[in-house]
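What the coordinates show
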Amino acid sequence: MSGPLHRGSGKRLLEAHHGAAARTAGGPHERTAPPATAPARERGGRPMTLCPTRRADPGAFVVRSAPAAPTAAVLLLHGGRADGPEPPPALNLPALRMRPFAAAVSRAVRGRDVLIAEVRYRHRGWNGESADAARDAESALVRLREQAGPVPVVLVGHSMGGRAALAAAGDPAVRGVVALAPWCPTDEPVDHLGGRRLYLLHDESDRVTSARASWDFVRRARAAGADAAGIPMPTGGHAMLRGAHLWHRRAAELTAALLSHG
């Protein structure tokens, strides 16, 4: 795959343009909204529990929807900063940007007993060797296993969250990763990804993280034994606003396919 190299800023990874993301989620398609509180029904009329937002503990997750007895799970990981030891703000715009993805995944797996949750971080940034977002993703996987048992999991992450998802994908519960405009440093480890299915989606006009670096990560992950694919997106930039409905739909379809894969 070829195209211009757009290097990441190295200091800010996600939050540019997220005010617009929180307001519109890419226009009229799937506007961000608070989680539903009215009961929903799965295909066939079976009731499905839609959980109001509830925080477990720092570094765990917020459940968006859950059946009574999950047989699989999807964890969503939002973006952040290269450096930020402070907690995420109360109005967490990168987290809000993932709400339409959660809704799209929920529709794509309707009729299946899939828990959908969003990882919450203790810190706003990756913070060098601390790799705080990756540690939080690992903690969320442990907490999920305690709550739902050893169910297969798909990780869906944007920017820093994509990096965290790929870093945590060595957990035996993880079936695959959908990484959206991920932050993929050139020296990022890949040896733990053998046997995992990975989809990295990137608009080559992204000027915050590098699509070229994503394609290089795909090549290295394949060499380590992963079933990895790089998927160029025609528009969207880093915040995935232009053509947002395409990003939502494609991420949801790939997530559902990963859950269907034995």
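It should be emphasised that the depicted structure is a prediction, and the values quoted were computed from it without experimental measurement. (Residues numbered from 1 in each chain as written. Predicted model: local features only at pLDDT ≥ 70, side-chain atom pairs only at ≥ 80, totals over all residues. Heavy atoms only, no water.)

What to know about the sheet that holds strand β3 (residues 61–65)
The strands that make up a sheet pair up through hydrogen bonds in the backbone, lying either parallel or antiparallel. Within the open sheet, the seven strands sit side by side as β3-β5-β4-β6-β7-β8-β9. Their pairing is mixed. What marks the edges here is a single partner per strand, and that holds for β3 and β9 (227–233). The sheet shows a mean angle of 20° between the axes of neighbouring strands, taken without regard to direction. The sheet contacts of helix α5 (residues 160–168) involve β4 (72–77), β6 (153–158), β7 (174–180) and β8 (197–203), and relative to β6 the element is tilted by about 150°. Across the sheet, helix α7 (residues 244–260) is in contact with β4, β5 (114–119), β6, β7, β8 and β9; its angle to β7 comes to roughly 170°. (Pairing = 2+ DSSP bridges. Helix = DSSP H or I, 4+ residues; strand = E, 2+ residues; numbered from the N terminus. Axes fitted to C-alpha atoms, helices over the stretch in contact; angles between N-to-C directions. Contact = heavy atoms within 4.5 Å.)

Side note on the nonpolar core
Leu75, Leu155, Val177, Leu198 and Phe217 are the most contacted members of the largest nonpolar core, which totals 46 residues. Per-element accounting of this core gives the leading share, seven residues, to helix α4 (residues 132–148). Excluding residues that lie within four positions of it along the chain, Leu75 makes contacts with Ala117, Val119, Ala140, Leu141, Leu144, Val153, Val154, Leu155 and Val156. With 28 residues, the next largest nonpolar core counts Ala104, Ile116, Tyr199 and Leu259 among its residues. (Core = buried A, V, L, I, M, F, W, Y, C linked by side-chain atoms within 4.5 Å. Buried < 20%, exposed > 50% of the residue type's maximum accessible area, 1.4 Å probe, protein only.)

Points about the environment of Met240
Position of Met240 among the secondary structure elements: in the loop between β9 and α7. Sequence separation between Met240 and His158 is 82 residues; the distance between their C-alpha atoms is 9.6 Å. When near neighbours in sequence (up to four residues on either side) are disregarded, Met240 contacts Arg97, Phe101, His158, Leu180 and Trp247.

Thoughts on the packing of aromatic side chains
Tallying each qualifying case throughout the model produces one aromatic pair. Residues Trp126 and Trp183 carry aromatic rings whose centres are separated by 5.9 Å and whose planes lie at 70° to one another, so their mutual orientation is edge-to-face. Here Trp183 lies in the loop between β7 and β8 and Trp126 lies in the loop between β5 and α4, a separation of 57 residues in the sequence. We note Arg163 situated over the ring of Trp183; from NZ or CZ to the ring centre the distance is 4.3 Å. (Phe/Tyr/Trp six-rings, centres within 6.5 Å; stacked < 30°, edge-to-face > 60°. Lys NZ or Arg CZ within 6 Å of the ring centre and 35° of its normal.)

A few points about the packing of helix α3 (residues 99–108) against α7
At a minimum axis distance of 8 Å, the contact between α3 and α7 shows a crossing angle of 45°. On the basis of their axis angle, the class for α3 and α7 is oblique. Classified by chirality, the crossing of α7 by α3 is right-handed. Packed against α3, whose contacting residues are Pro100, Phe101, Ala104, Val105 and Ala108, the element α7 presents Trp247, His248, Ala251, Ala252, Thr255 and Ala256 at the interface. Each residue belonging to the contact of α3 with α7 can be placed in one class, and the counts come to nine nonpolar, two polar and no charged. (Parallel < 35°, antiparallel > 145°, perpendicular 65-115°, else oblique. Left-handed = near helix turned anticlockwise from the far one by under 90°. Nonpolar A, V, L, I, M, F, W, Y, C, P; charged D, E, K, R; others polar.)

Remarks on the pairing of β8
When a strand is regular, its side chains alternate between the sheet's two faces. Within β8, six of the seven residues are buried, which leaves the element mostly enclosed by the surrounding structure. For β7 and β8, the ladder comprises five bridges, and the chain directions are parallel. Looking at β8, one finds that Val178 is bridged to Tyr199. As judged from the seven bridges shared by β8 and β9, these two strands associate in the parallel manner. The partner of Leu201 across the bridge, within β9, is Ile231. For the segment spanning β8, helix α6 (residues 211–223) and β9, crossover handedness is right-handed. (Right-handed = clockwise from strand over helix to strand, strands pointing away.)

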